[in-house]
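Chains, contacts and geometry: an overview
These are the residues of each chain, in order.
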Amino acid sequence: MRSLFSPIPLFFVFLWSTGFIVARYGLPYAPPLTFLLLRFLGVLAILLPAVLLLRAPWPKGKVGHVALAGLLLQAGYLSGVWCAIKIGMPAGLSALVVGMQPILTAFAAPLVGERVRPRQWLGLLFGISGVALVVYAKITLLGLSWQAIALAVFALLSITAGTLYQKRFCPQFDLRTGTVIQFAASFAAVLPFALLLEDMGSVQWVPQFFGAWAWSVLALSIGAIFLLFALIRRSDATQVTSLLYLTPPTTALMAWAMFGEVLNGMGIAGMALAVIGVIFVIKQPK
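Keep in mind that what you see is a predicted model, and the values were worked out from it rather than measured.

**Quick word on the overall build of the protein**
Of regular secondary structure, the protein possesses 13 helices and zero strands. Relative to the globule expectation of 19 Å for 286 residues, the C-alpha radius of gyration of the protein, 18 Å, shows essentially globular dimensions. In terms of overall dimensions, the protein has C-alpha extents of about 45 × 45 × 30 Å along its principal axes. Burial analysis of the protein (286 residues in total) assigns 53% to the buried set. When contacts within the protein are restricted to residue pairs at least 6 apart in sequence, long-range pairs at least 24 apart make up 91% of them. For the protein, the distance from the average position of its 18 positive side-chain charges to the average position of its 6 negative side-chain charges is 13 Å.

**Section: the packing of aromatic side chains**
Evaluation of the coordinates by the stated rule reveals 11 aromatic pairs. When the centroid spacing of 4.7 Å and the interplanar angle of 35° are considered together, the rings of Phe 35 and Trp 82 count as tilted. One end of the pair, Phe 35, is in helix 3 (residues 32-54); the other, Trp 82, is in helix 4 (residues 63-86), with 47 residues separating them in the sequence. Take Phe 35 and Trp 82: they sit in the same class, and that class is buried. Feature note: the residues Phe 35, Trp 82, Trp 205, Phe 209, Phe 210 and Trp 213 constitute an aromatic cluster, connected by ring pairs.

**Describing the side chain of Gln 120**
Here Gln 120 is to be found in helix 7 (residues 118-135). Note on Gln 120: relative accessible area 2%, which makes it buried. Dropping the residues within four chain positions of it, Gln 120 is found in contact with Arg 115, Gln 239, Phe 280 and Val 281.

**Structural notes on the side chain of Thr 177**
Its location among the elements puts Thr 177 in helix 9 (residues 175-197). Those residues within four positions of Thr 177 in sequence are excluded, and the remaining contacts are Val 51, Ala 56, Pro 57, Trp 58 and Pro 59.

**So, a nonpolar patch on the surface**
Side chains of Phe 11, Phe 14 and Trp 215 sit close together on the surface and give an oily, nonpolar patch of about 290 Å² of accessible area. Tracing the chain through its elements places Trp 215 in helix 10 (residues 207-234). On the basis of relative accessibility, which here comes to 35%, the residue Trp 215 falls in the partly exposed class.

**Observations concerning the environment of Phe 107**
Inspection of the secondary structure puts Phe 107 in helix 6 (residues 101-108). The sequence separation of Phe 107 and Trp 121 amounts to 14 residues, and the corresponding C-alpha distance is 9.7 Å.

**Some remarks on the packing of helix 8 (residues 146-169) against helix 10**
For the pair helix 8 and helix 10, the least separation of the axes is 10 Å and the interaxial angle reads 55°. Classified by the interaxial angle, the pair formed by helix 8 and helix 10 is oblique. In the crossing of helix 8 with helix 10, the sense of the turn from one axis to the other is right-handed. Residues Thr 163, Gln 166 and Lys 167 of helix 8 touch helix 10, and the partners they reach there are Phe 229, Ile 232 and Arg 233.

Criteria and thresholds
- Each chain carries its own residue numbering, running from 1 in the written order of its sequence.
- Owing to the predicted nature of the model, reporting of local features is limited to residues with pLDDT of at least 70; listing and counting of side-chain atom pairs is limited to 80 or more, with chain, interface and lining totals taken over all residues.
- Here the side-chain values reflect all heavy atoms present in the structure, with hydrogen atoms and water set aside.
- Labels follow the DSSP assignment, with helices taken as runs of H or I lasting at least four residues and strands as runs of E lasting at least two, numbered in each case from the N terminus.
- Computation of the radius of gyration draws on C-alpha atoms alone. For the globule rule, the value is 2.2 Å times the number of residues to the power 0.38.
- Relative accessibility decides the category of a residue: with a 1.4 Å probe and only protein chains considered, values under 20% of the type maximum give buried, values over 50% give exposed, and everything between is partly exposed.
- By the convention used here, residues are in contact when the closest approach between their heavy atoms is within 4.5 Å.
- Here the positive residues are Lys and Arg and the negative ones are Asp and Glu; neither His nor the chain ends is included.
- Charge coordinates come from a single atom per side chain, which is NZ of Lys, CZ of Arg, CG of Asp or CD of Glu.
- The aromatic pairing rule takes the rings of Phe, Tyr and Trp, using the six-membered ring of Trp, and pairs them if the centres are within 6.5 Å, calling planes under 30 degrees apart stacked, those over 60 edge-to-face and the rest tilted.
- Any residue with relative accessible area above 30% and no salt bridge may belong to a patch, with like charges joined within 9 Å and the nonpolar Val, Leu, Ile, Met, Phe, Trp and Tyr side chains within 5 Å.
- Using the Shrake-Rupley algorithm and a 1.4 Å probe, accessible areas are obtained, with residue cover drawn only from the displayed protein chains.
- Each salt bridge in this description consists of a side-chain nitrogen of Lys or Arg and a carboxyl oxygen of Asp or Glu lying within 4 Å of one another.
- A fitted line through C-alpha atoms represents every axis, and for helices the fit uses only the stretch in contact; the resulting angles, taken between N-to-C directions, go from 0 to 180 degrees.
- By definition in this entry, angles of less than 35 degrees are roughly parallel, angles greater than 145 are roughly antiparallel, angles of 65 to 115 are roughly perpendicular, and the rest are oblique.
- Working rule for handedness: look at the near helix, and if it is turned counterclockwise from the far one by less than a right angle, call the crossing left-handed; if clockwise, right-handed.

Here is the structure:
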């Protein structure tokens with residue numbers, strides 16, 4: 001990852017940051033797991049015919065690894081975050097919890113043969129400090145259930161493990177067939193829980209929900225995930241996950257522009273600190 005300001009990392013951050021905006025639009029009209037099932041089905045409906053038509057190659061000897069990475073990156077992470085928000089966790093606090101991923105990834109980097117340099121550790125600390133400043137005004141534990149906290153922590157552990165697992169066991173595979181495998185596995189894993197815990201017939205197909213669903217399928221589950229996999233292929237896991245420090249600041253800007261949410265001086269300072277932290281992490285030594 002030669003430059004923070006190259007198109008692929010910047011576009012990835014933008015797409016990834018829209019996740020909480022989509023949740024705000026979509027969750028009032030559908031239970032979280034049901035929404036995710038519809039999201040997974042949408043991805044499969046688009047990619048599976050394309051894969052069969054183009055005769056894209058299936059990963060040989062890696063299907064199990066690709067599927068397990070998908071369960072962690074898709075089913076585990078998304079279910080944890082969306083269910084936590086649904087039962088009352090503020091989006092800002094969810095972002096801060098999941099924002100610990102770069103730190104966890106750095107500690108686990110030796111497991112995938114990577115080394116974190118002192119300057120990168122400093123950047124990681126700057127990044128998490130910046131994230132904390134951005135969401136500080138929105139954080140409150142008052143009345144927050146232990147279930148919501150546990151779901152957010154589960155999401156954090158899931159996406160961290162998924163990133164490291166894919167980097168270690170299946171960094172190279174055809175993105176089209178690999179994504180089909182991952183979303184099919186995620187659909188199969190989430191379906192029993194949705195049937196058991198939710199009223200799947202309560203979806204309201206109003207324009208806001210349809211727009212959130214379409215964006216989550218095309219921009220997030222296809223666009224952002226393809227970019228994430230491309231970044232994992234060509235960069236260290238610590239460098240890739242450090243980009244997620246830019247998600248809460250970017251989301252805060254979107255919420256300010258779209259919903260009129262307050263953006264104070266502390267939040268702006270946090271954004272600057274997060275950007276500096278990411279630069280420290282991804283800048284290559286001379």
